[in-house]
Amino acid sequence: NYTLSGGFWSSIAVVQTPGAPLLTITLNPQLSTITISWPYPSTGWTLQENTNSISSANWNDHPYPQDNGTIKYITVSPPAGNRFYRLKQ
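The shown structure was predicted, so the numbers you read here are calculated from the model rather than taken from an experiment. (Residues numbered from 1 in each chain as written. Predicted model: local features only at pLDDT ≥ 70, side-chain atom pairs only at ≥ 80, totals over all residues. Heavy atoms only, no water.)

Right, let's talk about the overall build of the protein chain for a bit. Secondary structure summary: the protein chain contains zero helices and nine strands in total. Secondary structure elements in the protein chain, listed N-terminal to C-terminal, are β-β-β-β-β-β-β-β-β. Across the 89 residues in the protein chain, those meeting the buried criterion constitute 37%. Carbon together with sulfur atoms contributes 50% to the accessible area of the protein chain, which is approximately 5200 Å² in total. (Helix = DSSP H or I, 4+ residues; strand = E, 2+ residues; numbered from the N terminus. Buried < 20%, exposed > 50% of the residue type's maximum accessible area, 1.4 Å probe, protein only. Areas by Shrake-Rupley, 256 points an atom, 1.4 Å probe, with all protein chains shown as cover.)

This is the structure:
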């Protein structure tokens, strides 16, 4: 499990699913955002997000990940409250 907290972030957590591609969190301090990324193409894997908790059943697919031919990624602005991410197959 990974957690980035401090500054203006309340809590961003990436949940590493066993056997899934590696999720990475990168802070973009100039833009006040973070990037959550994983290897491209990662066929069959979908990024999901949840605002309740890691153990909650309320995971939703993230609709618009981008890719640059090497990684898939999303960029996130500061959330209100907690936000958790995982890859699901």
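Counting residues in hydrophobic clusters, the biggest one holds twelve residues: Val14, Ala20, Leu23, Ile34, Ile36, Trp38, Trp45, Leu47, Ile74, Val76, Tyr85 and Leu87. Breaking this core down by element, the ones donating at least two residues are strand S4 (33–39), strand S8 (71–76) and strand S9 (82–88). Sorting elements by how many residues they give to this core places S4 first, with three residues. (Core = buried A, V, L, I, M, F, W, Y, C linked by side-chain atoms within 4.5 Å.)

With that settled, consider the sheet that holds strand S7 (residues 66–67). Read across the open sheet, the four strands follow the order S3-S4-S8-S7; overall the sheet is antiparallel. Since the sheet does not close on itself, it has two edges, and those belong to strand S3 (24–28) and S7, each with one partner. Judged from the five bridges that link them, S3 and S4 form a sheet pairing that is antiparallel. Residue pairing in the sheet places Leu27 in a bridge with Ile34 of S4. (Pairing = 2+ DSSP bridges.)

Turning to the confidence of the model for the protein chain, a few remarks are in order. This prediction gives the protein chain a mean pLDDT of 82; 84% of its residues lie at or above 70. Note on residues 5–9: pLDDT under 50 across the span, and twelve contacts to partners over four residues away in sequence or across chains. (pLDDT = per-residue confidence, 0-100. Contact = heavy atoms within 4.5 Å.)

All right, on to the side chain of Gln48 then. Following the sequence through the fold, Gln48 ends up in strand S5 (residues 46–50). Residue Gln48 is classed as buried on the basis of its relative accessible area, which comes to 9%. A polar atom in the side chain of Gln48 sits 3.0 Å from the side chain of Asp61. When residues no more than four places from it in sequence are discounted, the contact partners of Gln48 are Trp59, Asn60, Asp61, His62, Phe84, Tyr85, Arg86 and Lys88. (Polar contact = N/O pair within 3.5 Å; in protein donor to acceptor, adjacent residues only side chain to side chain.)

Looking now at the environment of Ser53. Of note, Ser53 is situated in the loop between S5 and strand S6 (60–61). Sequence separation between Ser53 and Asn82 is 29 residues; the distance between their C-alpha atoms is 7.8 Å.

The linkage connecting Tyr40 with the following residue, Pro41, adopts the cis geometry, with an omega of 10°. Within the fold, Pro41 resides in the loop between S4 and S5. Within the chain, Ser32 stands out as a residue other than glycine whose phi angle is a positive 55°. Position of Ser32 among the secondary structure elements: in the loop between S3 and S4. On the basis of relative accessibility, which here comes to 33%, the residue Ser32 falls in the partly exposed class.

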